[in-house]
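# Structure at a glance
Spelled out from the first residue to the last, the chains are:
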Amino acid sequence: MLPYASLEDAASALGRNLTLAETLWYKYSADKSDYYLYCHNILFLFVVFSVVPLPMVFIECLRSNNFDKYKIQPKVRMSLSDMFRCYKDVMRMFFLIVGPLQLVSYPSIQLIGIRTGLPLPSGWEMFFQLLVYFLIEDYTNYWVHRFLHNKWGYEKIHRVHHEYSAPIGFAAPYAHWAEILILGIPSFLGPAMVPGHMITFWSWIALRQIEAIETHSGYDFPWSPTKYIPFYGGAEYHDYHHYVGGQSQSNFASVFTYCDFLYGTDKGYRYQKKLLSKMKEELRSGVWKDLPFVGVGATICNGSGAVVAAVFRHSTGFFSTNSRELLALRDGLLLALELGLKVKWVKCNASMGVAGLVVSDIRALCKVIIKLN
Ligand SMILES: [Zn+2]
Ligand SMILES: [Zn+2]
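Residues numbered from 1 in each chain as written. Chains lettered and ligands numbered in written order. Predicted model: local features only at pLDDT ≥ 70, side-chain atom pairs only at ≥ 80, totals over all residues.

Naming follows an unreviewed UniProt entry, where the protein appears as Fatty acid hydroxylase domain-containing protein of Xanthoceras sorbifolium. A UniProt comment under Sequence similarities (unreviewed entry) is attached to the protein, and it reads "Belongs to the sterol desaturase family." (UniProt positions renumbered as here; feature names shortened; annotations may be inferred.)

### Things to note about the overall build of the protein
Counting its regular elements, the protein contains 18 helices and three strands. Among the 373 residues that make up the protein, the fraction classed as buried is 32%. Within the protein, contacts between residues at least 6 apart in sequence are counted, and of these 70% link residues at least 24 apart. (Helix = DSSP H or I, 4+ residues; strand = E, 2+ residues; numbered from the N terminus. Buried ≥ 20, exposed ≤ 12 C-beta atoms within 10 Å, placed from the backbone. Contact = placed C-beta atoms within 7 Å.)

### With respect to the packing of helix α4 (residues 40-51) against helix α13 (residues 198-215)
It is at 10 Å that the axes of α4 and α13 come closest, and there the two elements cross at 20°. Between α4 and α13, the interaxial angle falls into the category roughly parallel. Where α4 crosses over α13, the handedness of that crossing is right-handed. Facing H40, N41, F44, L45, V48 and F49 of α4, the residues of α13 in contact are W202, I205, A206, Q209 and I210. Looking at side-chain class alone, the contact of α4 with α13 contains eight nonpolar, three polar and no charged residues. (Axes fitted to C-alpha atoms, helices over the stretch in contact; angles between N-to-C directions. Parallel < 35°, antiparallel > 145°, perpendicular 65-115°, else oblique. Left-handed = near helix turned anticlockwise from the far one by under 90°. Nonpolar A, V, L, I, M, F, W, Y, C, P; charged D, E, K, R; others polar.)

### Some thoughts on the UniProt feature "transmembrane region" (unreviewed entry) in the protein
Feature annotation in UniProt assigns "transmembrane region" (unreviewed entry) to the following positions: residues 35-59 and 93-114. In this annotation, residues 35-59 is assigned 88% helix and 0% strand; the end-to-end C-alpha distance for the span is 39 Å. The straight-line gap between the two end C-alpha atoms of residues 93-114 is 26 Å; of that span, 86% is helix and 0% is strand.

### Focus: the nonpolar core
Counting 24 residues, the largest nonpolar core has M83, C86, I168, F170, A171, Y174 and I180 as its most contacted members. Looking at this core, the elements with two or more residues in it are α4, α7 (80-104) and α13. In this structure, C86 is in contact with I168, F170, A171 and Y174, ignoring residues within four places of it in sequence. Ranked by size, the runner-up nonpolar core spans 15 residues in total, among them I109, Y133, F134 and F201. (Core = buried A, V, L, I, M, F, W, Y, C linked by C-beta atoms within 7 Å.)

### Some remarks on the packing of α4 against α7
At a minimum axis distance of 10 Å, the contact between α4 and α7 shows a crossing angle of 160°. It follows that α4 is roughly antiparallel to α7 by the angle criterion. Crossing hand, α4 versus α7: right-handed. Of the residues in α7, those touching α4 at N41, I42, L45, F46 and F49 are V90, F94, V98, G99 and Q102. Per-class residue counts for the contact of α4 with α7 are seven nonpolar, three polar and no charged.

### A look at the environment of A192
Along the chain, A192 falls in helix α12 (residues 184-193). A192 sits 59 residues away from Y133 along the chain, and the two C-alpha atoms are 9.4 Å apart.

### Side note on the confidence of the model for the protein
When the pLDDT values of the protein are averaged, the result is 79; 74% of them are 70 or greater. Within the protein, helix α18 (residues 354-372) has the poorest average pLDDT of any element, 38, and helix α9 (residues 123-148) the best, 96. Contacts from residues 314-326, a stretch scored under 50 in pLDDT, to residues over four places away or in other chains number 16 contacts. (pLDDT = per-residue confidence, 0-100.)

### A look at helix α14 (residues 234-244)
With 10 of 11 residues buried, α14 lies mostly within the body of the structure. In the stretch just after α14, G245 is the one whose phi turns positive, near 85°.

### Description of the environment of R208
Along the chain, R208 turns up in helix α13. Along the backbone, R208 and F134 are 74 residues apart, and their C-alpha atoms lie at a distance of 7.8 Å. Other than its neighbours up to four places away in sequence, R208 contacts E137 and S187.

### Quick notes on unusual backbone geometry
With an omega dihedral of 0°, the bond running from L118 to P119 counts as a cis peptide bond. Relative to the helices and strands, P119 resides in the loop between α8 (106-112) and α9. Despite not being glycine, R63 shows a phi value in the positive range, around 50°. Examined against the element boundaries, R63 turns out to sit in the loop between α5 (54-62) and α6 (65-68). Notably, F231 is not glycine yet its phi reads approximately 60°, a positive angle. Tracing the sequence through the fold places F231 in the loop between α13 and α14.

### Describing the environment of L96
In this fold, L96 is placed in helix α7. For L96, a count of 12 C-beta atoms within 10 Å puts it in the exposed group. C-alpha separation for the pair L96 and W177, spaced 81 residues apart in sequence, amounts to 8.9 Å.

Encoded structure:
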């Protein structure tokens, strides 16, 4: 509710004419209570949750080669009914938890001093406040998320969010009700520390959700504008965390990459990226083509250097396909890295008698996988 009887009143209180945005805000909000304005968030969240993931749903159903090359886990396909089930689950949680939480959390908004009046914040003021909110949320979320990966937190709460090992946009807010409540704290902390205007607060809540939907989209588009944001994690970064699943000790951060770098929780991710790019480079350059029978694999060694398992692909079919074979190899690599085992990269020639050793070790790796499941 604005404390001015008319636009002229507001202009004389400000000592200048109102900008176009301020005039529009005055006309919209003058006779509305602050509580009513705050509750707009429920509508915005509903629209964001329902509409923003839709282009990805369309792309997933289209199954066009043009988009498939950007899919992070091309082996995993979601049907329309799978995606709709996820949306229904998210909506149930929205009406039972997220919406009511918004309704009852208004006193905290009053307490921290989110304002609804004039003047409106400048573009720069909004930008810097939103940046602070993202940084605070990212840092706090990192530690809460990392904590949720302990045995108790994972089993009781966080396991639900990890049901999607290949996430989709709708799965961004898919979580246990307790996780939604707990992760509400990092979201409120920024506005509590640097309170701003209601419009900034609305923008914050909407942008944070849009960012989460993008990082769960399952597609990594090189033209995404977020590629220009320094230290931004993005879809591929968070997808790795879901892909590895419950044992994951990597990529906990929600927005940026610096926390995982500083606290050393991106080592497995960076190492497998390095290995994969080396492998792709070697495939592209064709260095193996002249060898009579070439296998490629990763042996997994324990602390004393003994081989405990290996992943191996021999030449049959290997060179004819690309990403799927690479992904099959990646499965083993990720598992080993996340278990903290040393991975040794090998190219081996069957005529040297290496293949027998490596193939027998595949069974050892299978045993590890079965044990973990
Ligand atoms: Zn997690
Ligand atoms: Zn996630």
